[in-house]
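In case you want the letters, here they are:
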Amino acid sequence: IESPSIAKLTFVIVGGGIAGVTCAEQIASQFASDDVCLLTASPLVKTVTNFKQVSKTLEEFDVEEQPSSVLEEKYPNLKVIQSAVKLLRAKEHLLQAENGQTFHYKKLCICSGARPKLLTQDNPHVLGIRDTDSAQEFQKRLSKAKRIVVIGNGGIALELVYEVEGCEVIWAVKDRAIGNTFFDAGAAQFLIPSLEVDKKERSLPCKRARYTTDKTGGSKELGSALGPDWHEGIELRGTEQNSSGVHIEYECEVDKIYTQQEFLQSQLDTNKSELGLWPAYVQLTNGKIYGCDFVVSATGVVPNTDPFLSGNNFELAGDHGLRVDDHMRTSEQDVYAAGDVCTAGWEPSALWQQMRLWTQARQMGWYAARCMAADVLEEPIELDFCFELFSHITKFFNYKVVLLGKFNAQGLGQDHELLVRCTKGQEYVKVVLTGGRMVGAVLIGETDLEETFENLILNQMDLSRYGEELLNPNIDIEDYFD
Ligand code: FAD
C-alpha cells in the first residue's frame, strides 16, 4: 500500500446496512469535529425510521433504503464512500478499497453483513435470496415457473412459501416441524392452516415495519440484506392461474440436484417419464425426486468476512463470524464488528441469544459506536440492557409474532415446563418455565401479553403457585401481577 494518497481518519465504518449506518450515525453525532467515513459496497444505505420502543426491550422500526447523500446532509462530518473494502492490514490500521483509495483509521468497525449459505455454488438452478436484486431475480424466474423447490426452515423460507402464488411449492425442511428456528411443533401446527387458505381470502392488513426501496440505484454484487416485508411490492406469482399449494417434505435435506440432461442420463432407479420434463430435478434424502423449474436455497447465512481475513489474526466463531467481546471488539486491536458479520463471544445473559436479525443489527451497531467512543475517551462502559433479554417482534403468515427470551427452551434440555394456550385461527401462546420462573414466551396473534410477560421474565418472579392459571383467558393477567 503506497503512502501519498492515504486518508487519515479517526473512525472508519464498513457496511451500509443497518448495523453500519447506525454505528456511523452515532459516532458522527458524538464526535462532530472528527471526520467519520462509511465505506460501503452498495449504492444505497439503510436507515432506521419511525423507531418505536414498544416495551422495555421490544422495539419496532421501519427501514428505508436511501441514497448516501441523505446521511451526508444530516451529518456534515460523515463521508460515505461507495467502494468495497479489498484488503485490511489491521496491524498498520490500513484499509484498501476497490476504488484504489487507502484509509488509515484509529478505530474501525466492520459491519459487512452476511450472505446466503447456498446449497451449491454456481448452480444456475439454485437461487439464494438476500438483497433487492436477488429478490427481483427470484420474482422474474418465478413468473415463468410452475413448480419450485424451497429448501430451508428459517424466517425467509417461511415467508416465501406463504407469499408465493400461482406456483406449486415443494418445501423440504430438515426438522419435524416448519419454522423450527422460531417455533415449536405446536406453533407450526397452529400456522399450517394459513398455508391452505386461498390468497384472496388473506386480506388482513399487513402492519409490520415496511421495507421501502428507492429505485435510483442499479446495484451490483454486495447489497445489504433485506429485512421485514422484503416481498412487499414484489408480486411473487408463478404461471399457474390458481394457487397450486404447498407440499411439505419433513425431516429431509437435498441429496443431489440434477440438470435435465444429467437426470435423463442418470442410472436412477425411477420411472423418469412419470416425473415429467423439468429444467431441474431434486433428489431428497428421503429418496423422493421432484422435477422443478428451480430451487430456492434459504438455509441460513455466512458472515461476509473474506476481505478482512488475509494477513490478519481474527478469531472466528464456529459459525465463521468475527468473534467479538462484550465491548464489540474483535481480536485485532482497534477493530470492532457489529451486525450479521459478528458473533457474540461474551458470556450471554441467561435470557439472551444472538440471532441474525434486523433489531440486533441496530442494537449492535449502536452499542459498538458507544464502545468505540468510550475507548477513545477512556471511559468505562457496561454491556447494554438490550442484551439482557432476547426479544423480537415480527409477522409470519400475517400473524403478529412476539418472541421473548428462551422462547424455544434453547439450551434448557429437559429442565423446563411448557404452558400452552391456543385458539385456532386466532392466537397461540406458549410460555417456557424453569424452576417456576418464566424464561421465554412465544405469542402469536393479538395477545396483548407481551409487556406483562416481558416483566415476568425480567423480574424472574416465582410463578409456581399460579400453575396453569397463568394462561387462563378469563383472568386479566395484568391486574393479577399489579
Ligand atoms: P447487511 O444489511 O447485510 O449490510 C451489510 C453491508 O455491508 C451492505 O451495505 C454491503 O454492501 C456492505 N458490504 C459487504 N461487504 C463489503 C465490503 N467488502 N466492503 C464494503 N462494504 C461491504 N431480519 C428481521 O429482523 N426480520 C425479518 O423479517 C428479516 N427478514 C429477512 C429476509 C431476507 C430475505 C433476508 C436476506 C434477511 C432478513 N432478515 C430479517 C435479516 C436482516 O435483514 C439482517 O439481520 C440485517 O439486515 C443485518 O444487518 P447488517 O447491517 O449486519 O448487514
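Whatever comes next refers back to the structure up there.
These numbers were taken from a predicted model, which means no experiment stands behind them. (Residues numbered from 1 in each chain as written. Predicted model: local features only at pLDDT ≥ 70, side-chain atom pairs only at ≥ 80, totals over all residues. Heavy atoms only, no water.)

Caption draft 1: Quick peek at the overall build of the protein chain. The helix and strand tally for the protein chain stands at 10 helices and 27 strands. Taken against the 2.2 N^0.38 rule, which gives 23 Å for 482 residues, the C-alpha radius of gyration of the protein chain at 24 Å falls within 12% of a compact globule. With the C-alpha coordinates aligned to their principal axes, the bounding extent of the protein chain is approximately 70 × 65 × 40 Å. Within the protein chain, the fraction of its 482 residues that count as buried is 55%. Nonlocal contacts in the protein chain, meaning residues at least 24 apart in sequence, comprise 63% of its contacts between residues at least 6 apart. Put simply, the protein chain shows about 21,800 Å² of open surface, and 46% of that area lies on carbon and sulfur atoms. Averaging the locations of the 46 positively and 70 negatively charged side chains of the protein chain gives two centres separated by 4 Å. (Helix = DSSP H or I, 4+ residues; strand = E, 2+ residues; numbered from the N terminus. Rg over C-alpha atoms; globule rule 2.2 N^0.38 Å. Buried < 20%, exposed > 50% of the residue type's maximum accessible area, 1.4 Å probe, protein only. Contact = heavy atoms within 4.5 Å. Areas by Shrake-Rupley, 256 points an atom, 1.4 Å probe, with all protein chains shown as cover. Lys, Arg positive; Asp, Glu negative; His and termini not counted. Charge placed at Lys NZ, Arg CZ, Asp CG, Glu CD.)

Caption draft 2: Main features of the pattern of salt bridges. In total, this model carries 21 salt bridges according to the counting rule given. Linking Asp325 and Arg329 is a salt bridge whose minimum nitrogen-to-oxygen distance equals 3.0 Å. When its relative accessible area of 30% is taken as the criterion, Arg329 is described as partly exposed. (Salt bridge = Lys/Arg side-chain N within 4 Å of Asp/Glu carboxyl O.)

Caption draft 3: Expanded view of the state of the cysteines. In this structure the tally under the stated criterion is 0 disulfides. Cys109 takes part in no disulfide bond, and the closest cysteine sulfur, belonging to Cys111, lies 3.7 Å away. Classification of Cys109 by relative accessible area gives buried; the value is 0%. A disulfide-free cysteine, Cys386 has its sulfur positioned 10 Å from the sulfur of Cys371, the nearest such atom. With a relative accessible area of 13%, Cys386 lands in the buried category. (Disulfide = S-S within 2.5 Å.)

Caption draft 4: Just the pairing of strand E1 (residues 6-14), in detail. Here 8 bridges tie E1 to strand E8 (residues 102-110), and the two strands are oriented parallel to one another. Bridge pairing in E8 links Val12 to Leu108. In the sheet, E1 pairs with strand E2 (residues 36-40) via 4 bridges, with the strands oriented parallel. In the sheet register, Val14 faces E2, and the bridge partner there is Leu39. Crossover handedness for the path E1 to helix H1 (residues 18-30) to E2: right-handed. (Pairing = 2+ DSSP bridges. Right-handed = clockwise from strand over helix to strand, strands pointing away.)

Caption draft 5: Structural view of the sheet that holds strand E23 (residues 391-396). Pairing is antiparallel in the open sheet, where 5 strands are placed in the order E23-E24-E27-E26-E25. Each edge of the open sheet is held by one strand with a lone partner, namely E23 and strand E25 (417-423). Strand-to-strand twist in this sheet, taken as the mean axis angle between neighbours without regard to direction, amounts to 15°. Sheet analysis places E23 next to strand E24 (residues 399-405), joined by 6 bridges and oriented antiparallel. (Axes fitted to C-alpha atoms, helices over the stretch in contact; angles between N-to-C directions.)

Caption draft 6: Expanded view of the side chain of Ser391. As for its position among the elements, Ser391 is in strand E23. Side-chain polar atoms of Ser391 contact the backbone oxygen of Thr57, separated by 3.1 Å. Non-local contacts of Ser391, meaning those with residues more than four positions away in its chain, are made with Thr57, Leu58, Thr359, Leu403 and Leu404. (Polar contact = N/O pair within 3.5 Å; in protein donor to acceptor, adjacent residues only side chain to side chain.)

Caption draft 7: Structural context of the environment of Gly128. Topologically, Gly128 is positioned in strand E10 (residues 126-128). Overall, Gly128 belongs to the buried group, its relative accessible area being 14%. For the pair formed by Gly128 and Gly17, sequence separation is 111 residues and the distance between their alpha carbons is 18 Å. Here Gly128 is in contact with Pro116, Leu118, Ser134 and Ser297, once residues within four sequence places are set aside.

Caption draft 8: Main features of the sheet that holds strand E15 (residues 254-259). Spatially, E15-E16-E17 is the arrangement adopted by the 3 strands of the open sheet, whose pairing is antiparallel. The two strands at the open ends of the sheet, each matched to only one other strand, are E15 and strand E17 (289-292). When strand polarity is set aside, the average angle formed by the axes of neighbouring strands in this sheet is 20°. Alignment of strand E16 (residues 280-284) against E17, held across 4 bridges, turns out to be antiparallel. By the bridge assignment for E17, Ala280 is matched with Cys292.

Caption draft 9: Representation of the nonpolar core. Phe138, Ile148 and Trp171 are the most contacted members of the largest nonpolar core, which has 108 residues in total. Ignoring anything within four residues of it in the chain, the contact list for Ile148 reads Phe138, Leu142, Val164, Cys167, Glu168, Val169, Ile170, Cys292, Phe294 and Val296. (Core = buried A, V, L, I, M, F, W, Y, C linked by side-chain atoms within 4.5 Å.)

Caption draft 10: Layout of a negative patch on the surface. Taken together, the side chains of Asp448, Glu451, Asp476, Glu478 and Asp479 define an acidic patch exposed on the protein surface. The exposure class of Glu451 is partly exposed, given its relative accessible area of 47%. (Patch = residues over 30% accessible without salt bridge, like charges linked within 9 Å, V, L, I, M, F, W, Y side chains within 5 Å.)

Caption draft 11: Representation of the packing of aromatic side chains in the model. Going through the model one piece at a time under the given rule, you end up with 16 aromatic pairs. Between the aromatic rings of Phe190 and Tyr399, the centroid separation amounts to 5.1 Å while the plane-to-plane angle is 55°, which identifies the pairing as tilted. Of the two residues, Phe190 sits in helix H5 (residues 185-196) while Tyr399 sits in strand E24, which places them 209 residues apart along the sequence. Look at Trp346 and Trp352: their rings are 5.6 Å apart centre to centre, the planes differ by 20°, and that puts the pair in the stacked class. With respect to class, Trp346 is no different from Trp352; both count as buried. Linked through ring pairs, Trp346, Trp352, Tyr367 and Phe387 together constitute an aromatic cluster. Of note, Arg141 hangs over the ring of Phe294, and the distance from its end group to the ring centre comes to 5.1 Å. If you follow Lys272 out to its NZ or CZ, it ends over the ring of Phe263, 5.9 Å from the centre. (Phe/Tyr/Trp six-rings, centres within 6.5 Å; stacked < 30°, edge-to-face > 60°. Lys NZ or Arg CZ within 6 Å of the ring centre and 35° of its normal.)

Caption draft 12: Local environment of the packing of H1 against helix H8 (residues 358-376). Closest axis-to-axis distance for the H1/H8 pair is 7 Å, and the angle between their directions is 30°. Crossing hand, H1 versus H8: right-handed. Only Trp358, Ala361, Arg362, Gly365, Trp366, Ala369, Arg370, Met372 and Ala373 of H8 make contact with H1, whose side of the interface consists of Ile18, Ala19, Thr22, Cys23, Gln26, Ile27 and Gln30. A breakdown of the residues in the contact of H1 with H8 according to their chemical character gives 10 nonpolar, 4 polar and 2 charged. (Left-handed = near helix turned anticlockwise from the far one by under 90°. Nonpolar A, V, L, I, M, F, W, Y, C, P; charged D, E, K, R; others polar.)

Caption draft 13: Up close: the environment of Val324. Checked against the element boundaries, Val324 lands in strand E20 (residues 322-324). Spatially, the C-alpha atom of Val324 lies 7.3 Å from that of Trp346, the residues being 22 residues apart in sequence. Non-local contacts of Val324, meaning those with residues more than four positions away in its chain, are made with Arg329, Thr330, Ala337, Cys342, Thr343, Ala344, Gly345 and Trp346.

Caption draft 14: Examining H8 more closely. With 19 residues, H8 extends 27 Å from end C-alpha to end C-alpha; this agrees with the ideal 27 Å at 1.5 Å per step. Most of H8 sits inside the fold, with 15 of its 19 residues counted as buried. One or two steps after H8, the chain reaches Glu378, where phi turns positive at roughly 55°. (Expected span 1.5 Å × (residues − 1).)

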